[in-house]
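These are the residues of each chain, in order.
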Amino acid sequence: MKPWPMATLGEIAGGGQYGLNAPAMSEGTGVRFVRISDITQAGELRHEEPAFVPEDTLELDNYELKDGDVLIARSGATAGKSYVHNSFGARAVFAGYLIRFQPNTSKVLPRFVGAFLQTPAYWQQLNSHKRAVAQPNVNAKQLASLVLPMPPLAEQERIVKLLDEADELRKLRAQADRHTAALIPALFHEMFGDPETNPKEWPSGQLKDFGAEIRYGLGQPPEEDSEGVPLLRATNIKHGCISEIGLIRVRREAVPVSRNAFLNADDVLIVRSGAYTGDVARVGDKWDGSVAGYDLVASPKERLTGDFIAWFLLSEFVQDRYFNGLKLRAAQPHLNSAQVSETPLFCPPLTLQKEFAARVSEIRAMETEQATSRRRLDDLFQSLLHRAFRGDL
């Protein structure tokens, strides 16, 4: 470990400046308004759904971002997340819940500061300063007091270069993952055609017309048991996949037999209420025998497969043209079994559906390999980040 000198953020980047308090416009023209919600936890700037402020806003020049400016969120659940500005071809200013620091480039590279703001050492210091009021927050003085190592500029450049190379591998992996995620919808359209126009003229009707049975899961979760069976809830249903995040297990004996809540691999779960209403996932072999939570279950029976039902229901036609219209009728988004059973559907030959299911299985296997690769790259990046600021690279 190299004995580098230490400095506070204030000593190398000033005392911090609070952002512009102005109403944001989601449409029209103006100057890009960078908000907390535009910054990812990884320190990148989102460009989807940007906000703007009028060009004649008072004192706008005082808040204009320059290359290398460091923004740190000061309030909310994500207080502490950060972004190092890199011009994207348009003028930009920063919003009031962000604090700007401007690194002195004769002492420190802005990207070096940005890398430090991703380390556990930074978050440990920050969390000791957060005030737990209605929501966590920090102020400019507290941020300016944070301490970071100060290697020579040449060493900073070397560290930033190594981290950039590792991060580029992660980005390439993420890009490949996005391409893989798009394969199943594309395959569905290739094999079956557009669900709205039915160009292949498959027999059409409603989901119930082709034998699918729709039922409800459990109304109330049974007693939890860390060694019990998985309970699949709305939070576990993620656009065609079952996520283990937030998974709970329940005591098998506490599941009422009369509710028919145990799931088969080819069953399809449909979120029936709340923010994720209409999201869909096939159960799959891994979760065969799990218990359905407060959601709807579609069992394919003889003429349909679970993969075909799931990806038909996830199509833009069903999600935007059918489910969304039903959800808007209630004070809170909601679907019931009758509505799902009446979903417009066409029915290709079962052999073609099974071929689709086999190819989906191949893509899922590819995604599993990619997830392993993604975890390794994330672990590599975090290891490099940790070692870099200990002087061990």
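Heads up: these notes are all about the structure in this document.

What counts and what doesn't
- Here the residue index of a chain counts from 1 through its sequence in written order.
- Where local features are concerned, this predicted model is filtered to residues with pLDDT of at least 70; where side-chain atom pairs are given and counted, the filter is 80 or more; whole-chain, interface and lining totals use all residues.
- Side-chain numbers come from the whole structure's heavy atoms, not from hydrogens or water.
- Starting at the N terminus, helices and strands are each numbered in turn, a helix being any DSSP run of H or I of at least four residues and a strand any DSSP run of E of at least two.
- Here the term buried applies to any residue with accessible area under 20% of the maximum for its type, exposed to any over 50%, and partly exposed to those in between, with areas from a 1.4 Å probe on protein chains only.
- Only heavy atoms matter for contacts: two residues are in contact if any of them lie within 4.5 Å across the pair.
- Per-residue accessibility takes into account occlusion by the displayed protein chains alone, with areas from the Shrake-Rupley method and a 1.4 Å probe.
- For the charge count, each Lys or Arg is scored as positive and each Asp or Glu as negative, with His and the chain ends excluded.
- All charge positions are set by atom: Lys at NZ, Arg at CZ, Asp at CG, Glu at CD.
- Note that the arc is defined by the directions from the helix axis to the C-beta atoms.
- Any two strands with at least two DSSP bridges between them are considered paired.
- The patches described consist of residues with a relative accessible area above 30% and no salt bridge, like charges being joined within 9 Å and nonpolar side chains (Val, Leu, Ile, Met, Phe, Trp, Tyr) within 5 Å.
- Between Lys or Arg on one side and Asp or Glu on the other, a salt bridge is scored when a side-chain nitrogen of the former is within 4 Å of a carboxyl oxygen of the latter.
- Simply put, an axis is a line fit to the C-alpha atoms, just over the touching stretch for a helix, and the angle between two N-to-C directions goes from 0 to 180 degrees.
- Any angle between 65 and 115 degrees counts as roughly perpendicular, while under 35 counts as roughly parallel, over 145 as roughly antiparallel, and the rest as oblique.
- Handedness of a crossing follows from how the near helix is turned relative to the far one, being left-handed for an anticlockwise turn of less than a right angle and right-handed for a clockwise one.
- The nonpolar class holds Ala, Val, Leu, Ile, Met, Phe, Trp, Tyr, Cys and Pro. Asp, Glu, Lys and Arg form the charged class, and all remaining residues, Gly among them, are polar.

Some remarks on the overall build of the protein
Argument step 1. Helix and strand counts for the protein come out as 10 helices and 22 strands.
Argument step 2. With respect to the three principal axes, the spread of C-alpha positions in the protein is 70 × 50 × 40 Å.
Argument step 3. Sorting the 393 residues of the protein into buried and exposed places 47% on the buried side.
Argument step 4. For the protein, the share of sequence-separated contacts (at least 6 apart) that also reach a separation of at least 24 residues comes to 76%.
Argument step 5. Carbon and sulfur atoms make up 51% of the accessible area of the protein, which amounts to about 19,800 Å² in all.
Argument step 6. The distance from the centre of the 45 positive side-chain charges to the centre of the 50 negative ones in the protein is 4 Å.

A short note on helix H6 (residues 183-192)
Note on helix geometry: an α-helix contains 3.6 residues per turn, so any two residues three or four positions apart are oriented the same way.
Argument step 1. For H6, the full list of buried residues reads Ile184, Leu187, Phe188, Met191 and Phe192. Along the axis of H6, the buried positions cluster into a sector of 105 degrees, meaning they face one direction only.
Argument step 2. Of the surrounding secondary structure, the elements contacted by the buried residues of H6 are helix H5 (153-181), helix H7 (306-313), strand S22 (344-346) and helix H10 (350-388).
Argument step 3. Residue glycine 193 follows H6 closely and has a positive phi angle near 90 degrees.

Remarks on the pairing of strand S14 (residues 224-232)
Argument step 1. Strand direction decides the pairing type here: S14 and strand S17 (residues 248-250), joined by four bridges, are antiparallel. Along S17, the bridge assignment pairs leucine 231 with isoleucine 248.
Argument step 2. Here two bridges tie S14 to strand S20 (residues 291-292), and the two strands are oriented parallel to one another. In the strand pairing of S20, leucine 232 is matched with alanine 292.

Considerations on a nonpolar patch on the surface
Argument step 1. A contiguous nonpolar patch, built from Leu169, Leu172 and Leu380 and spanning about 250 Å² of accessible area, is present on the exposed surface.
Argument step 2. Take leucine 380: it is sitting in helix H10.

Comments concerning the packing of H6 against H10
Each pair of packed helices can be summarised by the angle the axes make with each other and by the distance between the axes.
Argument step 1. Relative orientation of the contacting elements H6 and H10 amounts to 160 degrees, with a least axis distance of 11 Å. When the interaxial angle is binned, H6 and H10 end up roughly antiparallel. H10 is crossed by H6, and the crossing has right-handed handedness. Here H6 contributes Leu183, Ile184, Leu187, Phe188, Glu190, Met191 and Phe192 to the contact with H10, which in turn contributes Leu352, Gln353, Glu355, Phe356, Arg359, Val360, Ile363, Arg364 and Met366.
Argument step 2. Classifying every residue of the contact of H6 with H10 gives 11 nonpolar, one polar and four charged.

Notes on the packing of H7 against H10
Argument step 1. One can describe the packing of H7 onto H10 by two numbers: an axis separation of 8 Å at closest approach and a directional angle of 80 degrees. On the basis of the axis angle, H7 is roughly perpendicular to H10. Here Asp307, Phe308 and Trp311 of H7 lie close against H10, whose contacting residues are Gln353, Phe356, Ala357, Val360 and Arg364.
Argument step 2. Classifying every residue of the contact of H7 with H10 by side-chain character gives five nonpolar, one polar and two charged.

Thoughts on the sheet that holds strand S5 (residues 70-73)
Argument step 1. Taking strand neighbours across the sheet as the criterion, the four strands line up as S2-S8-S5-S6 in an open arrangement whose pairing is antiparallel. Both edges of this open sheet fall to strand S2 (17-18) and strand S6 (82-84), since each of them pairs with a single strand only.
Argument step 2. Bridge count for S5 against S6 is three bridges, and the pairing is antiparallel. By the bridge assignment for S6, valine 70 is matched with valine 84.

Things to note about the environment of asparagine 86
Argument step 1. Along the chain, asparagine 86 turns up in the loop between S6 and strand S7 (92-94).
Argument step 2. Since its relative accessible area comes to 53%, asparagine 86 is described here as exposed.
Argument step 3. With 156 residues separating them in the primary sequence, asparagine 86 and isoleucine 242 have C-alpha atoms 37 Å apart.

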